[in-house]
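Overview (structure and organization)
Here's the letter readout for the chains.
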Amino acid sequence: MGIVPEGRQPGGVAVQPWKCLRRSSHGATMGAMVARPRFVLSGLLVAFLGGCSSGNQATSPPDASTVAGGIVGSAGTGGGPGGIGGGSGGTGGQLSTTPPLCIPGASVACACVTGQTGAQTCTSAGTFAACVCAAPTVDAGGAGGSDGSATSPLDAPTATGGTAGTTGTAGGVTSSAGTTGTTGGATSSGTTTGTAGTTRTTVLQGVFVVTGSMSTAKFSHTATLLSSGKVLIAGGETSVLTYDRGYSDSDLARAELYDPVAGTFTATDSMTTARAGHTATLLGSGQVLVVGGESSTAVLASAERYDPAAGTFTATGSMTAVRRFHTATLLSNGKVLIAGGANSGALASAELYDPATGTFATTGAMTVDRSDHTATLLSNGKVLIAGGGAAGTAELYDPVAGTFTATGSMTTARAGHTATLLGSGQVLVVGGNGVSGGTLTLLASAELYDPTVGTFAATGSLTVARYNHTATLLTNGMALIAGGLDVVALASAELYDPSAGTFTATGSMVAGRDSHTATLLGNGEVLIAGGNGNAASSTSSSGYVLASAELYE
């Protein structure tokens, strides 16, 4: 499901497709994470209480002497869903006290004992034949429908009412409407429609399950959901012990594809340039734009495109400035906004990539230098830039004017946080780190940006303070917050419920990790891949970096 949540995304909002991140912790575009564990999402139980209705009993007129035994009662109609048994059939007509004239071939009622009826036929000789009496046949009418039985599947539970009663063949009364299923249920169909039941929402705990591992342990890489449903994993650093320099360029250039059907990673073409701390953005053409980052020797201005059809990377135009830990956002006009990041220090400059020409061109600069900030494409087509460094400021980029203008500031200055566009159009900003009195402070706080008024307001807090985590908008409208760093890499995860404005703990990951990626798959699961771990959970030679992956369901 989709809306692209923003992680610590130097990557822009990557357009990606129960049971709702698009960016890597360093700004790489992330898809939502999926773990093989089964995560039972919230279900909706709806009950409909069926009404009742009955038909009229068929009766004969006071005198129907011209028809033997009175007219036949009308047929009973079927019951509504889940009804009770039908009534008895219609009664016979009353006898005429005055026999009619004998018309050859005609029959008239004759006198019989109580409870029986009879008829005598006028013969061709003009006389009535002997009276033949017999007990009347009474039709029982249609059988009522059975009681409805409720079923409660994983998501969007439903229950159906009972089956309709059968129709009586003659003289039956209408079967009454069926009773409603015991729990939930779709609206009854039949003679009477059930009234709407109450709605109950239950948040069930999800789980993370191990899936195939990447060929190389890495963090600060990118993960991009392709049109095919596969996920492209590109670049990344391989050792925290040599962080920022000294890693192998051959490892940084590697790329691989995750297949959700097979649950495995397979190698694809390597990038033309080794890089980490870059961004990856899915273009309208289905290709992936990879921009900037750093190699083992330098911060980069180069860019390249991955073609899923050919399975190859090809160099494209270079940026006007070298940068890493920037953001990349696909705009409504198909261009990509590259903003901020760092070289020797944080940058305020921004530029646009045009897929049609394969070139970068400068655009208006931000009002503040930023790195480790977030960029979120809003419903109105503008881009919200928030935080970075110790800055609590925020600004909006207008693609039409090509300029940045200040908007309301966050309630708390933060960097290394996430920003997620919710279904309401508001932006959820979560966690990160701040500076208070010269001391680095991990944050559990969260806030919402309202584009209609241009302000931030506090919302519920995380159960655990964290930064370099991921945030993924699930198909049920909730946001999954996973991992990140506290004193150690966190395995815990929690869900933000926009309707309640609260965070609730959910199942924990198999391994603690930060600076990982989270990608929402087409089946609603979230793929969590790589990142920095803890020595006990890693098989990397560095003792920390992870090659493992897991799915959240």
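Each remark here, short or long, concerns the structure printed above.
Quick notes on the rules
- Residues numbered from 1 in each chain as written.
- Predicted model: local features only at pLDDT ≥ 70, side-chain atom pairs only at ≥ 80, totals over all residues.
- Heavy atoms only, no water.
- Helix = DSSP H or I, 4+ residues; strand = E, 2+ residues; numbered from the N terminus.
- Buried < 20%, exposed > 50% of the residue type's maximum accessible area, 1.4 Å probe, protein only.
- Areas by Shrake-Rupley, 256 points an atom, 1.4 Å probe, with all protein chains shown as cover.
- Pairing = 2+ DSSP bridges.
- Axes fitted to C-alpha atoms, helices over the stretch in contact; angles between N-to-C directions.
- Phe/Tyr/Trp six-rings, centres within 6.5 Å; stacked < 30°, edge-to-face > 60°.
- Contact = heavy atoms within 4.5 Å.

With that settled, consider the overall build of the chain. Summing up its helical and strand segments, the chain has one helix and 38 strands in all. In the chain, which comprises 553 residues, the share counted as buried stands at 53%. Summed over its atoms, the accessible surface of the chain is roughly 20800 Å², and 57% of this surface lies on carbon and sulfur atoms.

Our focus in this paragraph is the sheet that holds strand β4 (residues 117-121). With antiparallel pairing, the three strands of this open sheet are ordered in space as β3-β4-β5. Two strands in the sheet have a free side with no partner beyond their single neighbour: β3 (107-110) and β5 (132-134). Across the sheet, the mean angle separating the axes of adjacent strands is 30° when strand polarity is ignored. In this structure, β3 lies alongside β4, joined through four bridges in antiparallel fashion. In the strand pairing of β4, Ala-109 is matched with Ala-119.

Another point: the sheet that holds strand β9 (residues 208-211). Pairing is antiparallel in the open sheet, where four strands are placed in the order β9-β38-β37-β36. Each edge of the sheet is formed by a strand with only one pairing partner; in this case those strands are β9 and β36 (517-520). Neighbour to neighbour, the strand axes of the sheet diverge by 25° on average, direction disregarded. Here β36 pairs with strand β37 (residues 526-529) via four bridges, running antiparallel. Note that in β37 the partner of Ala-518 across the bridge is Ile-528.

Attention now goes to the packing of aromatic side chains. Applying the stated criterion to the full structure yields seven aromatic pairs. On the numbers, 4.8 Å between centres and 50° between planes, the contact of Tyr-449 with Phe-456 is tilted. With 4.8 Å between their ring centres and 50° between their planes, Tyr-496 and Phe-503 make a pair best called tilted. Both residues of the pair, Tyr-496 and Phe-503, count as buried.

Residue position: Phe-456 is located in strand β31 (residues 455-459). Considered as a pair, Phe-456 and Ala-446 are ten residues apart in the sequence and their alpha carbons are 9.9 Å apart. Not counting chain neighbours up to four residues away, the residues in contact with Phe-456 comprise Leu-384, Ala-394, Gly-408, Ser-409, Met-410, Thr-411, Val-429, Glu-447, Leu-448 and Tyr-449.

A word on the pairing of strand β25 (residues 403-407). Pairing geometry for strand β24 (residues 394-398) and β25, over five bridges, is antiparallel. Within the sheet, the bridge partner assigned to Leu-396 lies in β25 and is Thr-405. As consecutive antiparallel partners, β24 and β25 are separated by four residues, and within that stretch Gly-402 has a phi angle of approximately 70°, a positive value.

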